[in-house]
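Read off the chains here:
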Amino acid sequence: DVRVWSPDGEVLVASITCKMHLIGPAVGEGLAKALEIAENRYRGLVIWSPDEVFSAGANLEAMMPIFMKSGVKGIAEAEQQLQEVMLRLRYANVPTVAAMRGLALGGGCELAVHCAKRVAHMETYVGLVEVGVGLLPGGGGLTYIARRAAEQAAATPGTDLLAYLKDPFVAAAMATVGTSALESRKLGYLLDGDVIVAHRDELLQVAITQAR
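Residues numbered from 1 in each chain as written. Predicted model: local features only at pLDDT ≥ 70, side-chain atom pairs only at ≥ 80, totals over all residues. Heavy atoms only, no water.

Caption draft 1: Seen up close, the overall build of the chain. If you tally the helices and strands in the chain, you get 7 helices and 7 strands. N-terminal to C-terminal, the α/β element order of the chain is β-β-α-β-β-α-β-α-β-α-α-α-β-α. Relative to its length of 212 residues, the chain is compact, with a C-alpha radius of gyration of 17 Å against a globular reference of 17 Å. Dimensions of the chain along its principal axes, counting C-alpha atoms only, are 50 × 45 × 30 Å. Within the span of the chain, comprising 212 residues, buried residues form 45% of the whole. Restricting the contact set of the chain to residue pairs at least 6 apart, pairs at least 24 apart contribute 67%. In the chain, 19 positive and 23 negative side-chain charges are present, and the distance between their average locations comes to 3 Å. (Helix = DSSP H or I, 4+ residues; strand = E, 2+ residues; numbered from the N terminus. Rg over C-alpha atoms; globule rule 2.2 N^0.38 Å. Buried < 20%, exposed > 50% of the residue type's maximum accessible area, 1.4 Å probe, protein only. Contact = heavy atoms within 4.5 Å. Lys, Arg positive; Asp, Glu negative; His and termini not counted. Charge placed at Lys NZ, Arg CZ, Asp CG, Glu CD.)

Okay, structure coming up:
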């Protein structure tokens, strides 16, 4: 479910290959292995796919057999694995870059925000959409919102933390999706230091350059 390759021998690229690039246990294992390889042999890791979907979210269909066999306990274990992969990306020993275009929804959004940096094509749709199917984001997306709010409040002493929490949590509660990279930046899913590219064919090369 994950193809790992390098165009230059310096930066490793991980491409999710399953349908809609949905994130299930096998994808989590593949990304963890890609990161291990990158930390041992390369200067950075770029997560990129060659079509119009970065990732449409978690693979709920793949979770059903786990639920049927082990119930909530099995789902909790799968969620923990997903969270561990996200934290591995955040605390990696090499730069991690999400090269985003098309859909980056739910778990795909969480995957992107846990990378050190994001490079996004202008036409990228980003958001935490789990509420739309009656779930809460389970891969660390809400933690990311809280952490970013705390960082913003710390940077402007005397301001109310809730002022930075309200809008992002409302966006998650309403399953609001940024309909462009610029709107996604306003929602907080892209940071000021992230790069937005106008042409999709620039995406991978710019992401590799950022990793270097």
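Caption draft 2: Just the packing of helix α4 (residues 141-155) against helix α5 (residues 161-173), in detail. Running from N to C, α4 and α5 point in directions that differ by 155 degrees, and their axes come no closer than 8 Å. When the interaxial angle is binned, α4 and α5 end up roughly antiparallel. Like other packed secondary-structure pairs, α4 and α5 cross with a definite hand, here right-handed. Note on element contacts: α5 touches α4 through L161, Y164, L165, P168, F169 and A172, opposite L142, I145, A146, A149, A150, Q152 and A153. (Axes fitted to C-alpha atoms, helices over the stretch in contact; angles between N-to-C directions. Parallel < 35°, antiparallel > 145°, perpendicular 65-115°, else oblique. Left-handed = near helix turned anticlockwise from the far one by under 90°.)

Caption draft 3: The arrangement of the nonpolar core in detail. In terms of nonpolar packing, the biggest core is built from 37 residues, with L31, L45, I47, F54, M100 and L111 touching the most fellow members. Where this core is concerned, the elements lending two or more residues are β2 (11-16), α1 (25-41), β3 (44-47), α2 (60-90), β5 (96-105), α3 (107-113), β6 (117-127) and α4. Among the elements that line this core, the one with the most residues is α1, at 5 residues. Leaving out residues up to four positions away in the same chain, L45 has contacts with V11, L12, A14, A34, L35, A38, L89, V94, P95, T96 and V97. Membership of the second largest hydrophobic core comes to 14 residues, among which are W5, A99, V119 and A211. (Core = buried A, V, L, I, M, F, W, Y, C linked by side-chain atoms within 4.5 Å.)

Caption draft 4: Geometry of the environment of L136. By the element assignment, L136 lies in the loop between β6 and α4. Taking the C-alpha atoms as reference points, L136 and A14, 122 residues apart in sequence, are found 27 Å from one another.

Caption draft 5: Structural view of the pairing of β3. Residues G44 and V46 of β3 are buried on one face, and the alternating residues L45 and I47, pointing to the opposite face, are buried as well. Here β2 runs beside β3; their pairing, made up of 4 bridges, is parallel. In the strand pairing of β3, L12 is matched with L45. Assessed by its sense of winding, the connection that carries the chain from β2 through α1 to β3 is right-handed. By the bridge criterion, 3 bridges tie β3 to β5 in an arrangement that is parallel. Bridge assignment links I47 to a residue of β5, and that residue is A98. (Pairing = 2+ DSSP bridges. Right-handed = clockwise from strand over helix to strand, strands pointing away.)

Caption draft 6: Up close: unusual backbone geometry. Even without a glycine there, the phi angle at M20 is positive, about 55 degrees. Within the secondary structure, M20 is located in the loop between β2 and α1. Owing to a relative accessible area of 37%, M20 belongs among the partly exposed residues under this scheme. For H21, which is not a glycine, the phi torsion comes out positive at approximately 55 degrees. With respect to the helices and strands, H21 occurs in the loop between β2 and α1. Look at H21 and you get buried, because its relative accessible area is 4%.

Caption draft 7: Representation of empty space enclosed by the protein. In the structure shown here, the tally under the stated rule is 1 cavity of 30 Å³ or more. Of the volumes computed, that of the largest cavity is approximately 100 Å³. Around the largest cavity sit I23, G24, P25, G28, A58, N59, M63, A78, E79, Q81 and L82, which together line it. Of all the secondary-structure elements, those providing two or more residues to the lining of the largest cavity are α1 and α2. Sorting elements by how many residues they give to the lining of the largest cavity places α2 first, with 5 residues. For the lining of the largest cavity, the residue count by class is 6 nonpolar, 4 polar and 1 charged. (1 Å grid on protein atoms, 1.4 Å probe; cavity = no way out; pocket = protein on both sides within 12 Å on 5 of 7 lines; lining within 4 Å. Points joined across faces, edges and corners; volume = space filled by probe spheres on them. Nonpolar A, V, L, I, M, F, W, Y, C, P; charged D, E, K, R; others polar.)

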